[in-house]
Every structure is written in C-alpha cells, then in structure tokens.
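Chain and residue survey
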Amino acid sequence: MASSSGNSSGSTQIHHSGSDDGMMDQRKRKRMESNRESARRSRMRKQKHMDDLMNQANNLKNNNAQILTTIDVTTQRFVQIEAENSVLRAQVSELSQRLDSLNEILNYINTSTNCTTSQCTNGLFEFDFVDNPWNMMYLNQPTIMPSTADMVGY
C-alpha cells in the first residue's frame, strides 16, 4: 500500500507540476503579449516622433526658402537704392560746383570796380566768350538758388 500511496502522491505532484507548467505558460504568454503591446506602442511613438520631426524639418525648410527670397528681394532693392543714391550724390556734387562757380562769378561782378561802358551792359558784366570759352558754359544755365531745406543739409 505504501507504493500505491507513493503513486498517488506522485501523480498529484505531477498533476501540480502540470498545473504549474500551465500557469507558467499562461504567465509567459501574458508577458509576451504585454511586451509585444509595449513594443508596438514604442514603435508608434517613435514613428509619431519621426513624423513630427519630418514636419518640423519641412516647415523650417519652407521658412528658410521664404527668408532667402526676402533677402534676395531686399538685396536687389538695396542695390537699386544705392545706385539711385550714387546718381543723386553725383548730381549734388555737380550742382554744388555750379553754384560755387556762379557765386564766384557774382562776387567777381559785384567786386569789379573797373567796369567801363564797353564791359558793362545795363549794369551787368559782359563776359568775353571768344577769349574764354568756359564762360559760355554758364550762358544758358538756370540760376540755382538753394532753398532753406537745401541749406540745412550743409
């Protein structure tokens, strides 16, 4: 009888071992399922993060392209304005030289004390255009009088 009781206790041990193995398999399956789900969520997070980074990169590329376009337009406008300023500076220089020359002529006329009838016509000094052709330059030139705004800049 001792051997039969040994068999019955052995079978219950095997039975418990089989039950334990089933529990272990069930736990392993649950753990594997949980790990798979966790890995799936991790892949989804990584994919979403990658998509967000790609969107951000595309937005930055678009912003850079707009900024470069704005810089190009601004640079072209700057070059145009710089050219206009250069022309205006040259005109200011030329007009200043003309004004200085006219003022010198006026001063010469006003300070001339040896005005005879052959040199003067109605109180104005008559230039010798044959001997000094540079005086011709001022014949048809309009008189330039600086405005108050022009004088403030000097």
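These numbers were taken from a predicted model, which means no experiment stands behind them. (Residues numbered from 1 in each chain as written. Predicted model: local features only at pLDDT ≥ 70, side-chain atom pairs only at ≥ 80, totals over all residues. Heavy atoms only, no water.)

Glancing now at the overall build of the protein chain. The number of helices and strands found in the protein chain is two helices and two strands. For the protein chain, the sequential pattern of α-helices and β-strands runs α-β-β-α. For the protein chain, the residues scored as buried account for 4% of the 154 residues in total. A total accessible area of about 13700 Å² is found for the protein chain, and carbon and sulfur atoms account for 56% of it. (Helix = DSSP H or I, 4+ residues; strand = E, 2+ residues; numbered from the N terminus. Buried < 20%, exposed > 50% of the residue type's maximum accessible area, 1.4 Å probe, protein only. Areas by Shrake-Rupley, 256 points an atom, 1.4 Å probe, with all protein chains shown as cover.)

Moving on to the pattern of salt bridges. Note that side chains of opposite charge can pair when their charged atoms are close. Evaluation of the coordinates by the stated rule reveals five salt bridges. Measuring nitrogen to oxygen at the nearest pair gives 2.4 Å for the salt bridge that ties Arg-40 to Glu-37. With Arg-40 and Glu-37 both in helix 1 (residues 2-111), this residue pair falls three residues apart, about one helical turn. Among the residues examined, Arg-40 registers a relative accessible area of 36% and is labelled partly exposed. (Salt bridge = Lys/Arg side-chain N within 4 Å of Asp/Glu carboxyl O.)

Let's shift gears to the confidence of the model for the protein chain. For the protein chain, the mean per-residue pLDDT works out to 78, and 61% of the residues sit at or above 70. For the protein chain, per-element mean pLDDT is lowest for strand 1 (residues 120-121), which scores 49, and highest for helix 1, which scores 87. In this model, residues 1-15 is a region of pLDDT below 50 whose contacts with residues beyond four sequence positions or in other chains number zero contacts. (pLDDT = per-residue confidence, 0-100. Contact = heavy atoms within 4.5 Å.)

Okay, a nonpolar patch on the surface next. A cluster of nonpolar residues, Ile-67, Leu-68 and Ile-71, forms a patch on the protein surface that exposes about 280 Å² of accessible area. Residue class for Leu-68 comes out exposed when judged on its relative accessible area of 52%. (Patch = residues over 30% accessible without salt bridge, like charges linked within 9 Å, V, L, I, M, F, W, Y side chains within 5 Å.)

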